[in-house]
Structure formats: structure tokens, C-alpha cells
Amino acid sequence: MRNKHATQLIFELSRAGRSAVSLPTADVPQQPVDQLIPERFLARTAPQLPEVSEPEIVRHYANLSTLNMSVDTHFYPLGSCTMKYNPKRNERLASIAGVVDVHPYQSESSLQGLLRIFFELQQMLEEISGLDAVSLQPAAGAHGELTALMVAAAYFREIGDNRTKVLSPDSAHGTNPASARMCGFDTVTVKSTSDGFVDRDDLISKLDESVAVLMITNPNTLGLFERGIAEIADEVHSRGGLIYLDGANMNAILGITRPGDFGADMMHFNPHKTFSGPHGGGGPGAGPIAVAEKLTPYLPVPRVARLETEEGYTYRLDWGQPRSIGRVRSFFGNCGVLVRAYCYLLTHGPDGLRSVSENAVLNANYLLSRVKHFLPVPQGDRCMHEFVASAAQLKSDTGISAMDMAKRLLDYGFHAPTVYFPLTVREAVMVEPTETESKEMLDKFAETLFRVTEEAADLLHDAPHTTLISRPDEVTAARKPKLRWQPSAED
Amino acid sequence: MSYIYNTPEDQQAMLEAIGCGSIEELFAAVPQSLRLQRPLQLPEAMGELQLTDHLAELAAQNRSPADTVCFLGAGSYDHFIPAVVDYVGSRGEFYTSYTPYQPEVSQGNLQAMFEYQTMVCELTAMDVSNQSLYDGGSATVEGVLMSLDVTRRRGRVLVAESVHPEFRQIVETYLAPLETEVVSIPCPSGVIDQRALADELSDDTACLLLQHPNFFGCLEEVHQIVEVVHAAGALIVSVVDPISLGLLERPGDYGADIVVGEGQSLGTPMQYGGPYLGLMACRDSFVRRLPGRIAGQTVDRRGNRCWVLTLQTREQHIRRDKATSNICSNQGLFALRASVYLAAMGPEGMRKVAELCLQKTAYARQQIIESDRLEVLFDRPVFKEFVIRDRENAVEELLADAERAGIFAGVPLGRWYPDLADCFLFAVTERRTRRQIDRFLQFVSEHTTSGVTHAK
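Residues numbered from 1 in each chain as written. Chains lettered and ligands numbered in written order. Predicted model: local features only at pLDDT ≥ 70, side-chain atom pairs only at ≥ 80, totals over all residues. Heavy atoms only, no water.

**Let's talk about the domain arrangement of chain A**
Partitioning chain A into domains gives domain 1 (10-65), domain 2 (91-348) and domain 3 (351-475). The C-alpha centroid of domain 3 of chain A is placed 47 Å from the C-alpha centroid of domain 1 of chain A. (Domains from an automatic or database assignment.)

Structural data, given as C-alpha cells:
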């Protein structure tokens with residue numbers, strides 16, 4: 001329960017002389033600091049960090065936590081984010097000694113268990129993707145995109161093919177064009193048809209010998225399986241280009257179809273979505289990538305290799321890839337997230353994973369069938385793991401916008417769906433229930449959403465009404481940025 | 001299934017409501033020719049008990065600082081983590097929430113991030129911090145990319161060889177497809193060769209990337225370096241160890257323009273290299289070029305103080321290919337842990353931790369100077385790690401034998417610095433004891449190299 005007294009910043013709780021730690025005195029002979037470090041290197045002033053006791057810290061953060069909605073406490077149908085349940089066993093197992101406390105530069109012989117986990121995870125992701133090799137190094141989905149584009153760029157450089165463009169549909173995540181630009185490519189947007197698929201004529205008109213990669217999300221951000229994906233891939237491949245699959249929506253197709261089988265040459269996984277890694281209030285994620293054989297030599301190093309010896313298997317880090325693009329981050333990868341993904345995959349097995357996708361798609365279609373009667377879903381009656389409704393008609397009839405609905409849902413104890421994305425749908429309301437919700441919860445959500453559409457517009461413009469704060473002034477926040485606490489301004 | 005609610009009856013009722021005969025029919029949009037016609041070839045499902053035993057068995061095949069004395073550093077450190085950090089980080093309301101796009105139901109995260117930004121600004125003496133990047137290495141390359149944008153110089157960036165070799169590799173990987181040249185500044189005596197630096201500075205140089213304390217543990221002559229780099233119109237991108245800032249002059253005070261670093265030391269377990277958190281802070285005037293998420297203070301419609309994600313027009317979900325970076329996720333959970341760590345430490349705790357590292361490192365270094373077999377390579381002031389040279393040029397064997405004797409004795413340097421193949425990097429955090437340091441020296445004095453040709 002929220003404590004109404006807990007409204008201060010931790011800096012405002014600070015009192016000189018309070019402390020939450022008591023450190024030991026040094027057990028070695030001590031020398032004056034300025035004899036070890038010359039004066040010119042030493043700080044003249046100390047950082048003004050808060051001075052607080054341990055109980056204050058616990059109460060401060062425990063109270064702050066009650067101001068968040070989370071998967072542990074609320075239905076969180078945030079489209080494109082796959083806010084599924086985060087299994088507690090994975091949290092525990094990623095925190096055991098021998099996993100959580102190992103140093104990244106320990107010898108391979110002291111890490112055989114962990115290297116085996118990563119080798120097996122590489123194998124599992126190869127199988128799920130239908131591709132040939134996996135790098136676990138990228139730290140997030142967007143990082144995986146960038147890494148794969150670097151791999152593609154290295155590949156084209158090596159075969160002497162000067163390709164300058166990356167195509168992506170107008171419904172793509174913003175990370176796609178942003179990653180392409182960071183990798184030095186020109187970005188070209190491909191239109192979608194009114195029913196939500198890639199506009200083939202537009203694509204073909206933009207396909208030429210300068211196109212390196214088509215980045216595509218499948219199922220796409222409208223929650224539709226791109227039916228013509230094989231033909232699209234053929235068109236791109238026939239002109240020497242590569243297909244990149246944004247794996248954000250893998251939760252819909254586990255064990256049903258594989259990116260490698262529908263034409264992708266490279267892809268990333270989002271283990272923090274598909275494989276239940278918690279989102280951590282914004283991160284960490286991880287962004288392992290899988291690629292086709294011809295791109296394998298360019299993957300970042302190291303990857304984990306397995307050797308068969310007389311005593312059984314041994315695992316080692318494979319650095320011997322002279323054509324590798326190098327490194328995209330320090331050390332091995334976001335291992336804690338990867339260990340959770342490994343545990344998730346072992347918990348499910350092949351049948352369980354397929355069941356995840358079947359139930360994610362069932363839940364989304366069920367919710368769609370209930371919502372479409374009062375909130376049109378422009379792209380039709382069926383979806384994969386998510387759907388995008390439009391509040392455009394509602395807005396012109398009643399003045400209630402997608403944002404109003406989102407904010408009002410918070411009053412009723414639901415996290416809002418994603419709104420205003422994808423950009424191709426006006427007043428978009430993007431709903432992804434995931435497989436870890438019950439029919440009762442979906443019913444309750446649909447009923448609440450309907451109720452919201454019936455409410456007075458004026459009430460909704462000011463929503464939410466029950467939360468601690470409502471409709472913050474974001475314009476002022478951006479015009480006069482106040483990005484840190486300052487003692488003078490507060491006193 | 002552990003996490004799925006739907007019973008066969010639920011599924012039937014839902015299919016009827018949808019108007020669909022079977023779950024299979026829901027996938028009609030996926031052409032048969034593209035379907036996987038067999039089960040995935042994955043291990044069979046394990047229950048929680050089996051899985052727990054399986055992981056325990058795998059973990060038992062690893063060693064760790066729990067059973068082996070750890071002098072490994074080089075960017076990841078065995079610092080103590082107070083219990084209160086784990087407590088806060090394991091609250092589900094924090095770790096199972098998403099990016100705070102709905103501020104009304106995310107004030108906990110947003111306020112915590114605003115506090116984090118303030119603490120990072122305090123620690124670095126910079127004006128603005130973001131909410132963290134992936135890790136120290138990726139923050140470093142983002143800092144370098146930012147310097148290109150800010151200065152509008154795209155010719156070259158200078159990178160000191162005393163910067164973490166993996167960070168330098170990342171810079172090279174990112175810049176490979178772009179037109180900017182990466183120029184290495186040699187560090188023959190363990191720190192930046194200032195004459196070489198002056199020679200390489202040009203009017204199309206965007207920045208010098210330096211690390212202080214550097215990868216070898218040595219302190220760089222930052223004041224002199226900043227002066228010459230600024231005089232050439234280039235920026236200083238400084239890689240920091242946050243623990244060192246309990247004692248050392250803060251980067252904003254010596255004139256750094258962009259500060260980056262690995263935040264792992266602030267309450268994040270080593271977990272084989274990640275997830276960690278990339279620190280990044282800069283001057284006010286660069287804020288609109290800063291990548292990553294930023295929390296800002298504002299008021300709500302009732303006039304209450306509150307926090308939101310702000311300056312989002314820098315970001316990919318708004319600006320797409322014009323964004324300052326493709327970064328989407330941050331390391332929110334570990335930024336939160338860093339905040340709790342810094343709050344628990346306070347200014348005095350930070351000073352004490354830094355001083356413990358310094359004193360213990362000085363002790364170890366003095367003992368090694370007196371040892372027969374080992375010598376300290378660079379005669380420079382160091383903070384919590386330093387380079388040791390093995391006079392018998394048998395680093396690999398020495399480290400392997402030390403490990404058998406229960407000591408992770410250091411990180412060999414030959415992989416990155418062929419000239420330093422007879423050297424290793426030795427780190428001493430506040431967790432190491434005099435007894436452990438003595439045990440290492442005892443091991444070295446008793447250790448005999450067999451069958452190895454002595455180099456000198």
C-alpha cells in the first residue's frame with residue numbers, strides 16, 4: 001500500500017553524517033593517500049551523494065516501487081513488447097553461485113558449465129530460427145539489428161559489391177531505420193497496403209542492385225503474418241540482397257514456422273520478450289542474432305565451440321574468425337538474460353514452446369473477437385499474437401482519442417496498450433495479451449475497454465483520475481529540461 | 001504447462017467466440033509450404049525440480065570468486081554488494097515493469113531514474129546524464145559517435161592504446177562502415193605519449209578517447225592532455241571507473257566533455273560480463289545529441305511535481321533514421337541498483353571504498369616489487385590495478401598453476417598487447433585481504449617453472 005508521506009527525493013531525505021554502510025579498516029599498512037597518488041590527481045570536493053540510513057533506503061525504494069505497474073501486479077497488454085509472466089525459477093537460477101558471480105576473464109577450464117549453457121543456447125536458437133549460426137553478444141534487439149547490418153556490410157565489402165541502401169516498411173519499429181543509418185546505409189521506406197502488408201509494387205520499384213538488405217518484421221507490427229514473405233524474399237535474393245528479420249514478434253511462431261525457412265538470412269531474438277526475461281523497467285534485454293551460413297564468418301567473436309575429447313565434451317571460446325566484424329560490446333554478452341532464456345527453453349521443450357505460440361495467438365484472436373465490435377480493427381478478423389485497433393472513428397464521433405483510452409484504462413487497473421504505433425494506423429491501439437493471461441482477464445479487459453468507449457469524453461481527457469499524478473506537462477519538460485535535482489532550486 | 005492458464009475447455013469456448021474450428025485454423029495465414037513439418041529439435045521439457053538440479057550441476061562445473069581468490073579486473077570487478085541493493089533490485093514492481101512510457105503508472109521508475117541521473121552527474125561533475133546504455137564498451141563508442149556529431153568533424157578520432165582493448169575494438173567495429181579514421185595513440189610507458197598525441201591532432205579530429213585510471217591501472221596526465229586536445233578544437237571522451245571517483249578528481253573538473261564508463265562496480269554482480277550498465281554524462285550544451293533515455297522533471301495537470309521521459313525527439317521511436325542512436329532499451333534495473341549502491345555508500349562510503357582499494361593495491365604492489373620472479377611494469381601512480389611482468393616469461397603456466405592453487409591471479413595481456421606477452425593485469429578490490437595477497441606471493445615464491453625456456 002502506498003505511503004502518502006513518501007513523496008521526497010532521496011536527496012531531500014539526506015542528512016549529514018547518516019550512512020548505510022560500515023566498511024572495515026584496511027588490514028594492510030596504511031600510507032597517506034597523497035603519497036600514493038600525487039595531489040594533482042585527487043578530488044578537491046566530494047560528490048554530493050545522499051547521506052541516508054539503510055532503513056530509509058529500503059522504505060524509499062519500496063514506496064517508489066508501489067508507484068509502478070508491472071507484470072507481477074497488473075495485466076500489461078503493451079503491443080509489441082510481449083509483457084509475459086517472468087518465471088521466478090529463472091530469477092533464482094540466474095542468481096546461483098557459479099553463474100552470477102563469475103568473472104568474464106576466468107579461464108575456459110573454470111567455466112565449463114557456463115560455456116555449455118551458452119553452447120546449447122546457441123544450438124537451440126539455431127534450431128528455432130532455422131538458421132546456421134548464432135552470436136549471443138548483442139545486448140538488445142536494436143543492438144542485434146545493428147550487429148547484423150554490420151555483418152551484412154562486411155559480407156558485401158568482401159564480395160566487392162557496393163550496396164548503399166537498406167529498405168524497411170513504414171510499419172517497422174523505429175530501430176530498423178536508426179540501425180541502418182548508424183551502419184552507414186541510406187534508408188528507404190517501403191509502403192504498406194491498406195490491409196497491412198508490404199506493398200509489393202512499391203517494394204519492387206525500390207529494389208535494385210544498390211539494396212543491401214530488406215529489414216522486415218514477421219509477423220509484422222500489425223500482428224499479421226506476411227503471406228507473401230517467400231516471394232518477397234525471392235525478389236530480394238534474386239537481386240543479390242539479404243533479408244533481415246526483426247524477431248520482435250517471435251512469440252507468435254515458435255515451432256510453427258522458422259525465419260530461415262521463410263527466407264530470412266539474418267535475424268535477432270528478443271529473449272526479454274519471447275523467452276520471458278523481465279524488462280527491468282527498460283532493460284536489460286539481450287539481442288542474440290542468427291545468420292545463414294554464408295554470413296557466419298563475419299559474426300562477432302567470440303562464440304562458444306564444443307570439442308569432443310575422450311573424456312567427453314569440452315567447451316571453449318572460439319576467437320579464430322579472421323573475417324569477423326570484431327566486437328559490438330565488451331565481454332561475452334548479457335549473460336544473465338541469456339541464462340534466463342536457457343531456463344525458459346528447457347522449461348518448455350518443443351511441445352511447450354509451440355503451445356506458447358498457440359495460446360498467445362488464441363488469446364490475441366479471442367480478445368480481437370471481443371474488441372472489434374466496438375473498436376474497429378482495420379486489418380481484419382484474424383491476427384497472430386497481437387492486433388491493432390483504431391480509435392479514429394471513435395475520436396471523430398465522440399472526441400475520445402487513443403491516448404484518452406490508454407489513460408483511462410490506468411484508472412481501471414490495466415496497463416495501457418501501445419498507442420500511436422505503428423504509424424500506419426490512425427489512432428492506433430496495439431494490444432498484445434500474451435499467453436500468460438486467463439480468459440477471465442481478457443474478458444474483464446474487453447468489458448473495461450468497452451465501458452471506456454461509452455464514457456464522457458471530458459472525463460477521459462483528464463484521465464487518469466485515481467493515480468498519484470495525471471497528464472504531466474511533457475511540453476515544458478522538453479522545452480525547459482530539468483534533468484537532475486539541484487539543491488538550490490528546491491530550497 | 002507452467003505459465004499458461006487456458007484449459008481445453010477455455011480453448012474451446014474461446015475458439016467458439018472467435019468463430020474458428022481449431023487453433024490450427026488461426027494459423028491459416030502461414031502458408032503450409034512455410035510450416036515446420038516436425039517438432040523443434042530441442043531438449044524435452046523439465047520441471048522446476050529437474051531444472052534446478054540441472055543448473056546446480058552446471059554451476060558446479062564453474063569456479064568463481066566464491067571458491068577462488070580473485071585478482072581479475074580489467075573492466076569487471078569483484079566489489080562488495082550490500083544486501084539492500086539485491087533487495088530493491090528483486091522487487092517485482094521494478095524488475096517486471098517496462099520502459100516508463102505511461103508516466104502515471106511509472107513514477108517509481110521515473111523518479112528512481114531522475115535520482116540516478118543526479119547521482120551520476122554528482123559522481124562525474126558533469127551537467128547531464130542519461131538513464132544508462134548497454135555497458136561500458138557500447139557507452140564508449142556512443143561517446144565517440146556523439147563527439148563526431150557535436151564537433152561536426154568526421155575525419156578522425158584518436159584512441160589511446162591505454163583504453164580497454166575491447167572498448168577500442170568496439171570503436172573500430174562501429175566506425176568500420178563509416179568514413180571516420182580511428183588513430184591509435186601509443187602508450188609505451190603505460191600512459192599516453194603526449195608527443196605522439198600532439199602530432200596526431202588535426203583540425204578534423206573529433207575527439208581523444210582516453211581512460212583514467214587507464215586499462216593498465218595508471219593515472220593519465222589529464223590536465224596536460226585536456227589542454228592540448230581542447231586547443232586543437234577536439235573533445236575529450238573520458239572512460240572512468242566510478243569507484244575511483246571517491247578519491248580522484250572528477251572528470252568534469254579536469255575538463256572532460258563526455259564521460260562514459262562501465263557501471264558494473266556499482267552494485268552489479270560480475271555474471272560473466274553482463275548485463276552491466278554503461279554510464280554516460282556530458283555537458284549541458286550537448287544534451288540534444290545524447291543517446292538513450294532521459295527522465296525529466298515537470299508538473300502534472302494538478303501542479304504536482306512528477307517525472308517523465310523527455311527529449312524523446314532524439315530517439316528512434318520518434319525520429320527513426322534521424323535519431324541520435326538506434327538505442328531502444330537501457331539497463332534500467334542495473335541503473336536502479338547503481339542508485340541504491342551510491343545511496344547506501346554516500347560520499348563517505350565512496351571515499352572509503354576507493355581508499356581501501358588504493359591501500360590494498362599499494363600493499364600488493366610493494367610486495368611484488370620485492371619479489372624475485374615478478375616485477376611491476378610501469379612506474380606510475382595507480383589506483384586499483386597494475387601490470388605485473390613475469391621475469392620467467394611463463395605467464396600462461398603461472399596463471400594456470402595459480403588457479404589450481406585456488407587463485408585467479410590476473411588477466412594475461414598478450415592477447416591484446418603482443419609486446420606484453422610476459423605480463424598480466426592484477427586487480428585488488430576492497431574485498432581482497434592481506435592474507436589473500438600474501439597467499440599469492442607465497443604461491444609465486446614456491447612456484448617453480450618446469451620445462452619452460454627462460455626468456456631472459
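Still to come is the rest of the account.
**Concerning the sheet that holds strand 11 (residues 374-376) of chain B**
All names here are of chain B. One open sheet accounts for four strands, arranged 11-12-15-14; its pairing is antiparallel. The open sheet is flanked by strand 11 and strand 14 (411-412), the only strands paired with a single partner. In this sheet, strand 12 (residues 385-390) lies alongside strand 11 in antiparallel orientation, the contact comprising three bridges. Following the sheet pairing, Leu374 is matched in strand 12 by Asp390. (Pairing = 2+ DSSP bridges. Helix = DSSP H or I, 4+ residues; strand = E, 2+ residues; numbered from the N terminus.)

**Examining the confidence of the model for chain B**
Confidence in the prediction for chain B averages 95 pLDDT; 98% of positions are at 70 or higher. When the criterion is pLDDT under 50, residues 451-456 of chain B qualifies, and its contacts beyond four places in sequence or with other chains add up to ten contacts. (pLDDT = per-residue confidence, 0-100. Contact = heavy atoms within 4.5 Å.)

**A word on the packing of aromatic side chains**
Any pair of aromatic rings gets described here by the distance separating the centres and the angle formed by the planes. This structure, assessed with the given rule, holds 30 aromatic pairs over all chains. Pairing A:Phe374 with A:Phe450 gives two aromatic rings, centres 5.2 Å apart and planes at 65 degrees, and the pair type is edge-to-face. A residue pair is termed long-range when its members are at least 10 positions apart, and A:Phe374 in the loop between helix 10 (335-371) and strand 10 (387-390) and A:Phe450 in helix 13 (residues 439-454) qualify at 76 residues. Over the aromatic face of B:Tyr77 sits the side chain of B:Lys384, whose NZ or CZ is 3.7 Å from the ring centroid. (Phe/Tyr/Trp six-rings, centres within 6.5 Å; stacked < 30°, edge-to-face > 60°. Lys NZ or Arg CZ within 6 Å of the ring centre and 35° of its normal.)

**Looking at the nonpolar core**
Counting 148 residues, the largest nonpolar core has A:Tyr61, A:Val213 and B:Leu208 as its most contacted members. Take this core: its biggest share by element is 17 residues, from helix 13 (residues 332-369) of chain B. Filtering out sequence-adjacent residues up to four positions away, A:Tyr61 remains in contact with A:Ile10, B:Val88, B:Phe94, B:Ala112, B:Glu115, B:Met119, B:Leu336, B:Ser339 and B:Val340. Core analysis: the second largest hydrophobic core is formed by 125 residues, A:Ile117, A:Ala290, A:Phe414 and B:Met14 among them. (Core = buried A, V, L, I, M, F, W, Y, C linked by side-chain atoms within 4.5 Å. Buried < 20%, exposed > 50% of the residue type's maximum accessible area, 1.4 Å probe, protein only.)

**Focus on the sheet that holds strand 12 (residues 428-431) of chain A**
Residue and element names in this part refer to chain A. Pairing is antiparallel in the open sheet, where three strands are placed in the order 10-12-11. Of all the strands in the sheet, just strand 10 and strand 11 (418-419) have a single pairing partner and so form its edges. As paired strands, strand 10 and strand 12 are joined by four bridges and run antiparallel to one another. For Ala389, the partnering residue across the bridge sits in strand 12 and is Val429.

**Looking at unusual backbone geometry**
Between A:Gly283 and A:Pro284 the backbone carries a cis peptide bond, its omega angle lying at 10 degrees. You can see A:Pro284 is positioned in the loop between strand 6 (266-268) and strand 7 (289-291). Cis rather than trans, the peptide bond between B:His212 and B:Pro213 has omega equal to -5 degrees. One non-glycine residue, A:Tyr420, adopts positive backbone phi at about 60 degrees. Within the secondary structure, A:Tyr420 is located in the loop between strand 11 and strand 12. Given the relative accessible area of 31%, A:Tyr420 is considered partly exposed. With a phi angle near 50 degrees, B:Leu311 is a residue other than glycine that sits in the positive phi range. Structurally, B:Leu311 can be placed in the loop between strand 10 (305-309) and helix 12 (316-319).

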